[in-house]
Amino acid sequence: MNKKTILTILEKKRLSDKITMLTCYDYVTAKLISSQDIDAILVGDSLGNVKLGYENTLPVTVEDMIYHTKSVKRGNSGALLITDMPFMSYEISVEDAVKNAARIIKEGGAEAVKVEGGGEIVDKIKAISNAKVPVVGHLGLTPQAINKIGGFKVQGRTEDKCNKLISDAKAIEEAGVFAVVLEAIPEQLAKEVTLCLKVPTIGIGAGRYCDGQVLVIDDMLGMFDNPTPKFVKKYADISKIIKTAVKNYIDEVKEGKFPQESNIYK
Ligand code: KIV
């Protein structure tokens, strides 16, 4: 399989060929995902929710992101490897932003970073990109701004908010992002943004007209048995499979059915 790069992603928009991306946080999952020729793997800071058990992404650190990126890197066989810059690792100063992006690339082995926000962070995007690190933007529902947004709600529902999102998208494109994640916005707004940008849009809860799609791997595999947002499609029910396997193991050990003849050294 050919190694995917940012050129692959840009070329796909030109050819109207959909871009595929999934989040991933560990070696074995990276091995499985990349064996299926996925275009990009995102070590998302959703790590905080789905792997570290936090209520939101805010406590996630640069060290956490580097640790998990290294693990994913070892399993990834060809996807473009993008890592989220966590909350407060790029907001405070341009210097912080470049230093932390550099750590994620040098120590973690990521090939690009993702940051959340629009016009207010263009100086950081420009600086990171000028430091030779490809940057993905993220607009719409930006989970690092959860305390400001006031909950996990669909964004861009008023005309003002639509206009703001479109001008943010243009501003971050101008600043140097090579792709933009659009999260939880109406399909028509995502379509408009997709049509007015030269760089690809990758949607999560942003409808059918984005240039690509991304999902959180744990959501699409059904790792949790609680309800997921409407935009998630569960492609498997892994939580059920794991629970059944563990229950069968416990029962068989208790009943003396495991280990059996074929599991014993003679
Ligand atoms: O952290 C994450 O998983 C993300 C995706 C939802 C795009 O940013």
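Shown above is the structure to which this text applies.
Calculation notes
Residues numbered from 1 in each chain as written. Predicted model: local features only at pLDDT ≥ 70, side-chain atom pairs only at ≥ 80, totals over all residues. Heavy atoms only, no water. Helix = DSSP H or I, 4+ residues; strand = E, 2+ residues; numbered from the N terminus. Rg over C-alpha atoms; globule rule 2.2 N^0.38 Å. Buried < 20%, exposed > 50% of the residue type's maximum accessible area, 1.4 Å probe, protein only. Contact = heavy atoms within 4.5 Å. Areas by Shrake-Rupley, 256 points an atom, 1.4 Å probe, with all protein chains shown as cover. Axes fitted to C-alpha atoms, helices over the stretch in contact; angles between N-to-C directions. Parallel < 35°, antiparallel > 145°, perpendicular 65-115°, else oblique. Left-handed = near helix turned anticlockwise from the far one by under 90°. Nonpolar A, V, L, I, M, F, W, Y, C, P; charged D, E, K, R; others polar. Salt bridge = Lys/Arg side-chain N within 4 Å of Asp/Glu carboxyl O.

**Q** Looking at this structure, how should I read the overall build of the protein chain?
**A** Secondary structure summary: the protein chain contains 11 helices and eight strands in total. Compactness check: the protein chain gives a C-alpha radius of gyration of 20 Å against a globular reference of 18 Å for 266 residues, within 12% of the reference. For the protein chain, the residues scored as buried account for 47% of the 266 residues in total. Pairs at least 24 apart in sequence give 57% of the contacts found in the protein chain among residues at least 6 apart. Counting every atom, the protein chain has about 13900 Å² of accessible surface; 56% of that belongs to carbon and sulfur.

**Q** Please explain the packing of helix H2 (residues 27-34) against helix H4 (residues 62-75) as it appears in this structure.
**A** The description of two packed helices rests on the angle between their axes and on the distance between the axes. Running from N to C, H2 and H4 cross one another at 40°; their axes reach a closest spacing of 7 Å. Between H2 and H4, the interaxial angle falls into the category oblique. You can see that H2 and H4 cross each other, and the crossing is right-handed. Between H2 and H4, the contacting residues are Tyr 27, Ala 30, Lys 31 and Ser 34 on the first element and Ser 71, Val 72, Arg 74 and Gly 75 on the second. In terms of residue class, the contact of H2 with H4 is built from three nonpolar, three polar and two charged.

**Q** Would you mind showing me how to read the pattern of salt bridges here?
**A** Pairs can form between side chains of opposite charge once their charged atoms are near each other. Considering all chains together, one arrives at 18 salt bridges under this definition. For Lys 4, the salt bridge is made with Asp 39, and the minimal N-O distance between the two is 2.9 Å. Within this pair, whereas Lys 4 is found in the segment before helix H1 (6-14), its partner Asp 39 is found in the loop between H2 and strand S2 (40-43), the two being separated by 35 residues in sequence. For the pair formed by Lys 4 and Asp 39, the shared burial category is buried. Notably, a salt bridge pairs Arg 103 with Glu 107, separated by 2.8 Å at the nearest N-O pair. Taken together, the residues span about one helical turn, with Arg 103 and Glu 107 both in helix H5 (residues 94-108) at a distance of four residues. Residue class for Arg 103 comes out partly exposed when judged on its relative accessible area of 27%.

Interpretation note: all reported values are geometric properties and have no functional meaning in isolation.
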